[in-house]
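Spelled out, the chains give:
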Amino acid sequence: MDATAAQETFTAYGPSHGAMLVVFVLGALVLVRFGRRHRHSPTERQVTRVFGAVLLAAAVIALGYTLTARDRPLVDTLPLHLSDLAGFVAAAALLTRSRRAFALTYYWCLTLSPQALFFPVLDAPDFPHHEFVAFWGLHLLVVWAAVYLTWGLGRHPTWQDWRTTVTITAAWAAVAMLVNSVTGTNYGYLNRKPATGSVLDLLGPWPWYVVAEVALILTAWALLTWPWTRRTRRPRRRDSVGGLPTT
């Protein structure tokens with residue numbers, strides 16, 4: 001029996017899963033503190049570029065490994081999961097400061113990517129197997145990127161960003177469902193639930209879990225937008241003599 005076969009399979013909510021969640025929290029705290037301390041400085045710009053380059057390299061390596069995997073047909077290795085696209089989008093947000101890339105990073109990586117952290121769909125050997133490292137490394141990096149850009153560097157979404165993200169995500173879903181219907185794949189888990197079990201099991205059978213998921217995502221994204229866009233209205237005071245409003 002080889003080493004890979006003998007290695008224990010990853011188990012959700014086991015010791016390695018708990019360790020990754022601790023790493024996630026500690027990494028997020030460090031990035032937020034660093035971003036706030038060095039915001040708008042040459043150090044911040046340099047570190048942000050390095051972060052983006054590391055994330056881009058990780059996304060390219062993960063994609064290359066997936067495309068060359070011999071245990072799956074080529075049609076099953078296309079980069080059509082949002083988790084595949086999130087790495088490139090987050091890297092673009094860090095490297096280019098694109099408004100659209102930031103919007104996608106904010107919404108995708110703060111709501112969809114964390115599902116992989118808390119409800120991992122990983123049927124692979126446990127740490128330190130390369131599939132374990134690749135899965136957690138990429139998912140941690142994209143969520144860290146969203147946290148760093150938002151609470152570290154102070155970038156905030158607008159309702160226009162919400163509309164842009166909804167439009168782009170709807171276009172992605174249409175393409176993914178078309179590919180799924182033609183090839184029998186299941187990108188985005190839009191045609192059936194993951195075999196290993198996930199939070200989608202709580203939302204009913206297909207297609208109702210897709211409808212429920214869309215409603216939940218739109219609501220969550222709206223709630224993530226509202227705090228940054230609301231305006232505090234100060235009451236207008238009246239002058240004690242003339243009754244005219246003052247500021």
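The structure presented is a predicted model; accordingly, all values stated were derived computationally and were not measured. (Residues numbered from 1 in each chain as written. Predicted model: local features only at pLDDT ≥ 70, side-chain atom pairs only at ≥ 80, totals over all residues. Heavy atoms only, no water.)

Topic: the overall build of the chain
What counts is decided by this rule: To qualify as a helix, a DSSP run of H or I must reach at least 4 residues; to qualify as a strand, a run of E must reach at least 2; elements of each kind are numbered from the N terminus. Burial classes follow relative accessibility: with a 1.4 Å probe on protein chains only, a residue under 20% of its type's maximum area counts as buried, one over 50% as exposed, and anything between as partly exposed. What makes two residues a contact is simply this: any of their non-hydrogen atoms within 4.5 Å. Every accessible area reported is derived by Shrake-Rupley at a probe size of 1.4 Å, with residue values counting cover from the shown protein chains alone.
Per the secondary structure count, the chain includes eight helices and two strands. Ordered by position from the N terminus, the helices and strands of the chain form the series α-α-α-α-α-α-α-α-β-β. Evaluated residue by residue, the chain yields a buried proportion of 38% over its 247 residues. Sequence-distant contacts, at least 24 apart, represent 69% of the contacts inside the chain between residues at least 6 apart. Summing over all exposed atoms, the chain offers an accessible surface of approximately 14,400 Å²; the carbon and sulfur share of this is 66%.

Re helix H4 (residues 82-96)
Note the following rule: Multiplying one less than the number of residues by 1.5 Å gives the expected span of a helix.
Compared with an ideal rise of 1.5 Å per residue, which puts 15 residues at 21 Å, H4 spans 20 Å between its outermost C-alpha atoms and is within 8% of the ideal. Three or more residues of H4 are buried, namely Leu-82, Ala-86, Gly-87, Val-89, Ala-90, Ala-91, Ala-93 and Leu-94. In this fold, the buried residues of H4 make contact with helix H3 (42-67), helix H5 (99-118), helix H6 (130-152) and helix H7 (159-183). Directly after H4, the chain includes Arg-97, whose backbone phi takes a positive value near 60°.

Some words on the side chain of Ser-113
With respect to the helices and strands, the residue Ser-113 is situated in helix H5. Overall, the relative accessible area of 7% leaves Ser-113 in the buried class. With residues up to four places along the chain from it excluded, the contact list for Ser-113 reads Ala-86, Trp-108, His-139, Val-142 and Val-143.

Focus: the packing of helix H2 (residues 15-37) against H6
Put simply, the rule is: Lines fitted to C-alpha atoms define the axes, with helix axes restricted to the stretch in contact, and inter-axis angles between N-to-C directions lie between 0 and 180 degrees. Orientation is classified from the angle alone, with under 35 degrees giving roughly parallel, over 145 giving roughly antiparallel, 65 to 115 giving roughly perpendicular, and any other angle giving oblique. Two helices that cross are described as forming a left-handed crossing if the nearer one is turned anticlockwise from the farther one by less than a right angle, and a right-handed crossing if clockwise. Residues were grouped as follows: Ala, Val, Leu, Ile, Met, Phe, Trp, Tyr, Cys and Pro as nonpolar; Asp, Glu, Lys and Arg as charged; and all remaining residues, including Gly, as polar.
Packing of H2 against H6 brings their axes to within 9 Å, and their N-to-C directions diverge by 30°. The pairing of H2 with H6 is recorded here as roughly parallel in orientation. The handedness of the crossing between H2 and H6 is right-handed. When H2 is examined against H6, the residues Ser-16, His-17, Met-20, Val-23, Phe-24, Gly-27, Ala-28, Leu-31, Val-32, Phe-34, Gly-35 and Arg-36 are found in contact with a partner set consisting of Phe-132, Trp-136, Leu-140, Val-143, Trp-144, Val-147, Tyr-148, Trp-151 and Gly-152. Residues belonging to the contact of H2 with H6 are distributed by class as follows: 15 nonpolar, five polar and one charged.

Topic: the nonpolar core
What counts, and what does not: Residues belong to one nonpolar core when they are buried, are Ala, Val, Leu, Ile, Met, Phe, Trp, Tyr or Cys, and are joined through side-chain atoms within 4.5 Å.
Counting residues in hydrophobic clusters, the biggest one holds 56 residues, and the most contacted among them are Phe-51, Leu-55, Trp-108, Trp-136 and Trp-144. Counting only elements with at least two residues in this core, the list comes to H2, H3, H4, H5, H6, H7 and helix H8 (208-229). Take this core: its biggest share by element is 14 residues, from H6. In contact with Trp-108, not counting residues within four places along its chain, are Leu-82, Leu-85, Ala-86, Val-89, Ser-113, Pro-114, Thr-165, Ile-168, Thr-169 and Trp-221.

Considerations on the environment of Leu-224
The topology assignment puts Leu-224 in helix H8. Considering only alpha carbons, one finds Leu-224 and His-156, 68 residues apart in sequence, at a separation of 9.9 Å.

Section: the environment of Pro-79
Along the chain, Pro-79 falls in the loop between H3 and H4. The exposure class assigned to Pro-79 is partly exposed, which follows from its relative accessible area of 29%. Through-space distance from the C-alpha of Pro-79 to that of Leu-63 is 7.1 Å; in sequence the pair is 16 residues apart. Beyond its immediate sequence surroundings of up to four residues, Pro-79 is in contact with Leu-63, Asp-84 and Leu-85.

So, the packing of aromatic side chains
Formally: By convention, a stacked pair of Phe, Tyr or Trp rings (six-membered ring in the case of Trp) has centres within 6.5 Å and planes under 30 degrees apart, an edge-to-face pair has planes over 60 apart, and any other such pair is tilted. Only Lys NZ and Arg CZ are tested; either one counts as a charge over a ring when it is within 6 Å of the ring centre and within 35 degrees of the ring normal.
This structure, assessed with the given rule, holds twelve aromatic pairs. Between Phe-24 and Phe-118, the ring centres sit 6.5 Å apart and the planes meet at 90°, which makes this aromatic pair edge-to-face. On the criterion of sequence distance, the pair formed by Phe-24 in helix H2 and Phe-118 in helix H5 is long-range, its members being 94 residues apart. Its relative accessible area of 14% is what places Phe-24 among the buried residues. Look at Phe-118 and you get partly exposed, because its relative accessible area is 38%. When the ring of Tyr-106 is compared with that of Tyr-107, the centres are 5.0 Å apart and the planes differ by 90°; the resulting orientation is edge-to-face. We note that Tyr-106, like Tyr-107, is buried. The structure contains a cluster of three or more aromatic residues connected by ring pairs, namely Phe-10, Phe-127, Phe-132, Phe-135 and Trp-136. Over the ring of Trp-226 we find Arg-230, and its NZ or CZ is 5.3 Å from the ring centre.

Interpretation in functional terms is not warranted from these geometric data alone.
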